[in-house]
Amino acid sequence: TLRMDTKKDRKELYCIEGTPPGIIAPPGGCPFAKRCAMVKPVCWKSFPIEHKETDTQIVYCWQYKKED
């Protein structure tokens, strides 16, 4: 039986530094702009476009480039 609480195959979850934006009054542009190391001027102005990676994975990021 595979248990979700076993540490054997557990991997660290990558976290972005800083505090998430408020959900009551979210900022304009990308909600991660304040905490992103790759932030560009467009990130502050416009919400990122959608990139559908698979049927179950969607990425919203101005810096996203699909790897082949």
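Residues numbered from 1 in each chain as written. Predicted model: local features only at pLDDT ≥ 70, side-chain atom pairs only at ≥ 80, totals over all residues. Heavy atoms only, no water.

So, on to the overall build of the chain. If you tally the helices and strands in the chain, you get 1 helix and 2 strands. Counting helices and strands in the order they occur from the N terminus, the chain gives α-β-β. In the chain, which comprises 68 residues, the proportion classed as buried is 9%. The contacts of the chain with a sequence gap of at least 6 include a subset with a gap of at least 24, amounting to 2%. Of the accessible surface of the chain, which amounts to about 6700 Å², a share of 58% is contributed by carbon and sulfur atoms. (Helix = DSSP H or I, 4+ residues; strand = E, 2+ residues; numbered from the N terminus. Buried < 20%, exposed > 50% of the residue type's maximum accessible area, 1.4 Å probe, protein only. Contact = heavy atoms within 4.5 Å. Areas by Shrake-Rupley, 256 points an atom, 1.4 Å probe, with all protein chains shown as cover.)

Here the focus is the packing of aromatic side chains. Any aromatic ring pair is given by two values, namely how distant the centres are and how the planes are angled relative to each other. Inspection of every chain in the model, using the stated rule, returns 1 aromatic pair. With a centroid separation of 5.7 Å and an interplanar angle of 55°, the aromatic rings of Phe 47 and Tyr 60 are classed as tilted. With Phe 47 in the loop between helix H1 (41-45) and strand S1 (50-52) and Tyr 60 in strand S2 (residues 58-60), this pair connects stretches of sequence that are 13 residues apart. On the accessibility criterion, Phe 47 (48% relative accessible area) is partly exposed. (Phe/Tyr/Trp six-rings, centres within 6.5 Å; stacked < 30°, edge-to-face > 60°.)

The next subject is the pattern of salt bridges. Pairs can form between side chains of opposite charge once their charged atoms are near each other. In total, this model carries 1 salt bridge according to the counting rule given. Salt-bridge contacts for Asp 55 lead to Lys 52; the nearest nitrogen and oxygen are separated by 4.0 Å. Asp 55 gets classed as exposed once you look at its relative accessible area, which sits at 71%. The exposure class of Lys 52 is exposed, given its relative accessible area of 53%. (Salt bridge = Lys/Arg side-chain N within 4 Å of Asp/Glu carboxyl O.)

Within the secondary structure layout, Arg 35 lies in the segment before H1. Glu 17 is the oppositely charged side chain nearest to the buried, salt-bridge-free Arg 35, at an N-O distance of 8.5 Å. (Lys, Arg positive; Asp, Glu negative; His and termini not counted.)

Taken residue by residue, the chain gives an average pLDDT of 81. The fraction at 70 or more is 81%. Taken element by element, the chain is modelled with least confidence in S1, mean pLDDT 90, and with most confidence in H1, mean pLDDT 95. (pLDDT = per-residue confidence, 0-100.)

A full pass over the atoms with the stated rule returns 0 disulfides. Cysteine Cys 36 is unpaired, with the sulfur of Cys 61 as its nearest cysteine sulfur at 6.0 Å. The class for Cys 36 is partly exposed, based on a relative accessible area of 30%. Cys 61 gets classed as partly exposed once you look at its relative accessible area, which sits at 22%. (Disulfide = S-S within 2.5 Å.)

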